[in-house]
Amino acid sequence: MTVTSYTERPGHKTDEADSLSVPWSRPSPKRKGVSARAVSAVTILVVLALWALSARLQLVPPVFLPSPAAVWTKFVTVTRDGFVDATLLQHAVASLGRVFAALVAALAIGVPVGLAIGISTVGRGIFDPLLEFLRPIPPLAYLPLVIIWFGIGEPSKILVIAIAMLAPVALSTASGVRGVSQERINAARSLGATRAQVVRHVILPSALPSILTGLRIALGAGWSTLVAAELVAATRGLGFMIQSAAQFLVTDVVVMGILVIAAIAFVLEFTIRRIERVLVPWAGRE
Amino acid sequence: MPHLVLDPHLVLDKVSIHYDGQAEPAVERVSIDVAKGDFVVLVGRSGCGKTSLLNVAAGLVAPARGRASINGKPITAPGSDRAVVFQNDALFPWLTARENVAFALRLRGIRPAERARRADELLELVKLTDAGDKHIWELSGGMRQRVGLARALAAEPEFLLLDEPLGALDALTRERMQTTLLDLWTASHVGVLMVTHGIEEALVLATRIVVLAPGPGRVVRTFEPGFSRRYASGEAIRTIKADPAFAAARGELTDAIFEGEAA
């Protein structure tokens, strides 16, 4: 039985799973049949079809739900001719610029803070409560205060996004630092490493996979703060574009903007996963 | 053993180790003296404090009483004069095998070309000539321990502290690694302090075996087997192990380890 089950499912080398006899709980990537990805593709197609169908049958007035074709047309025209004085690309670049500026700021502050939390008790005592305080506040809540303090210019918008990114970066860094194996640190010290060298040559690289995970979560958090950040006195940006369109009930631009934001988020996520694979190929292989 | 130290010596003098929150000391009044060129092996049942003693020598654990010193200077922190090799190699997975070996040299700010040259020499010494560019996760357990040994030797230590370095390896790899260890020991003239669970391993490698018993950890016997000297002077490891004297020593050592068992 062991032999046959082994040859039937090369992915499984133990027969403990067999004794449990819960076949549905076995992860079996090599089994024939539907993959999760195929199911996802079908789901998306079904949603699109339902959307198109309801638009065709005019179940909902176009001002509430424009047809996929209308949204696509808007995508083409806004890309070419622009909307509220900027093309789609210019809006996207403005938004991406803010998010990346915020990311740089969040990394510059969050990584050292995370290191401090992970390495020293005093650091943890100082920063942990501050982060725990900041983390659950929705961006729209601190937006007014940021505007009162820093005005309505570009720095405020970047700051709002950066605040949303800070906690994920710092906390992921801290958990990465705390997860560094003591043996690795001891080995480095016995090879003559000073405290600073241990941080630079052992702790930081060991925590890098966690830091990158934090970066990925932060980028998601920052990107979803975009519309809030562009609520006030923006002249460009995807969030600004959606709000302007909403004020004039140009629903097809609103929907198009939402889809573009989602698509960019997807691409960012995908890109960072690729970067992770290149930068920390050892993660999960130890 | 009080003495004027001229040769390099790693000395634990009546060392007691007491961990916080434990009623009994882990180790009580243990003295061990490792001279350069010695291969001292600590054996004993679980809980006898072998690894604790090694950590005191490494400077990772401070003794509650007694004194740990190297060349007459007290040991207060880890140092590259006593490089440690751990059971779970503790290699750095973001570096290649060569970069791991060169780690101590990098800490000292030695130029990359020189680092690579030294590292390749050491990789050759541990018989991993072609593995320099490999990533750690591409290496087998035995190869990883070889990299770990080469990395420790790169620090040019006077003493090597080995904490069950072969413990995680399969029996065949272990056997081959024993001769590798002996070759390194003879080639590098370091003093070795090693912890092991393997009785045969202790006999093959040690110039001196210190048998410890638990509760609290203390020295019960000391052997000077001399088989490793025979290997160093050219005798084959197979011949040594087939010698009736080896079997006799094995029986004696086993008895010594389990002596306190009944008590």
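Residues numbered from 1 in each chain as written. Chains lettered and ligands numbered in written order. Predicted model: local features only at pLDDT ≥ 70, side-chain atom pairs only at ≥ 80, totals over all residues.

### Some words on the overall build of chain A
Here comes step 1: For chain A, the helix and strand inventory stands at 13 helices and 0 strands.
Here comes step 2: The 286 residues of chain A split such that 33% are buried.
Here comes step 3: Relative to all contacts within chain A whose residues are 6 or more apart in sequence, the contacts with residues 24 or more apart total 69%. (Helix = DSSP H or I, 4+ residues; strand = E, 2+ residues; numbered from the N terminus. Buried ≥ 20, exposed ≤ 12 C-beta atoms within 10 Å, placed from the backbone. Contact = placed C-beta atoms within 7 Å.)

### Regarding the pairing of strand β10 (residues 218–223) of chain B
Residues and elements named next belong to chain B.
Here comes step 1: Alignment of strand β9 (residues 208–213) against β10, held across 5 bridges, turns out to be antiparallel. The residue bridging I209 from the neighbouring strand is F223, located in β10.
Here comes step 2: The hairpin formed by β9 and β10 contains 4 residues between the paired strands, and G215 there has a positive phi angle of roughly 75 degrees. (Pairing = 2+ DSSP bridges.)

### Some details on the sheet that holds strand β7 (residues 159–163) of chain B
Residue and element names in this part refer to chain B.
Here comes step 1: Ordered by their spatial adjacency, 6 strands build an open sheet running β6-β7-β8-β3-β9-β10, and the pairing between neighbours is mixed. Bordering the open sheet on either side are β6 (82–85) and β10, each of which pairs with just one other strand. With direction set aside, neighbouring strand axes in the sheet form an average angle of 20 degrees.
Here comes step 2: Alignment of β7 against strand β8 (residues 191–195), held across 5 bridges, turns out to be parallel. Paired with L161 across the bridge in β8 is L193. (Axes fitted to C-alpha atoms, helices over the stretch in contact; angles between N-to-C directions.)

### Let's talk about the confidence of the model for chain B
Parts of the model with low pLDDT should not have their predicted coordinates read in detail.
All names here are of chain B.
Here comes step 1: In this model, chain B carries a mean pLDDT of 89, and residues with pLDDT of at least 70 account for 96%.
Here comes step 2: Within chain B, the element-level pLDDT minimum falls on helix α10 (residues 244–262), averaging 86, and the maximum on β8, averaging 95.
Here comes step 3: Across the predicted assembly, pTM comes out at 0.79 and ipTM at 0.85. (pLDDT = per-residue confidence, 0-100.)

### With respect to the interface of chain A and chain B
Here comes step 1: With 16 residues of chain A at the contact, the number on the chain B side is 20 residues.
Here comes step 2: If you list the elements that add at least two residues to the side of chain A that touches chain B, you get α9 (182–190) and α10 (195–224) of chain A.
Here comes step 3: The element best represented in the side of chain A that touches chain B is α9 of chain A, accounting for 6 residues.
Here comes step 4: Per-class residue counts for the side of chain A that touches chain B are 6 nonpolar, 5 polar and 5 charged. (Nonpolar A, V, L, I, M, F, W, Y, C, P; charged D, E, K, R; others polar.)

### Describing the sheet that holds strand β2 (residues 27–35) of chain B
Residue and element names in this part refer to chain B.
Here comes step 1: A sheet is described by the order of its strands in space; here 4 strands give the open sequence β2-β1-β4-β5, paired in antiparallel fashion. Each having just a single partner strand, β2 and β5 (73–74) make up the two edges of the open sheet.
Here comes step 2: Judged from the 6 bridges that link them, strand β1 (residues 9–17) and β2 form a sheet pairing that is antiparallel. Bridged to V11 within β2 is D33.

### Considerations on the nonpolar core
Here comes step 1: Ranked by internal contacts, the top residues of the largest apolar core, which has 145 residues, are M165 of chain A together with V41, L53, A57, A154 and L193 of chain B.
Here comes step 2: Of the residues forming this core, the biggest block, 15 residues, is contributed by helix α8 (residues 154–178) of chain A.
Here comes step 3: Contact partners of V41 of chain B, with chain neighbours within four places excluded, come to M194, T196, A202, L205, A206 and I209 of chain B. (Core = buried A, V, L, I, M, F, W, Y, C linked by C-beta atoms within 7 Å.)

### Observations concerning the pairing of β1 of chain B
Here comes step 1: Direction of pairing for β1 of chain B relative to strand β4 (residues 65–70) of chain B: antiparallel, over a ladder of 5 bridges. When the sheet's bridge partners are listed, S16 of chain B is paired in β4 of chain B with R65 of chain B.

### Concerning unusual backbone geometry
Residues and elements named next belong to chain B.
Here comes step 1: The peptide bond linking G215 to P216 adopts the cis configuration, its omega dihedral lying at -15 degrees.
Here comes step 2: By the secondary structure assignment, P216 is in the loop between β9 and β10.
Here comes step 3: Within the chain, R29 stands out as a residue other than glycine whose phi angle is a positive 45 degrees.
Here comes step 4: Among the secondary structure elements, R29 is positioned in strand β2.
Here comes step 5: Phi is positive for E164, which is not a glycine, with a value near 45 degrees.
Here comes step 6: Position of E164 relative to the elements: it lies in the loop between β7 and α6 (171–188).
Here comes step 7: With 20 C-beta atoms packed within 10 Å, E164 lands in the buried category.

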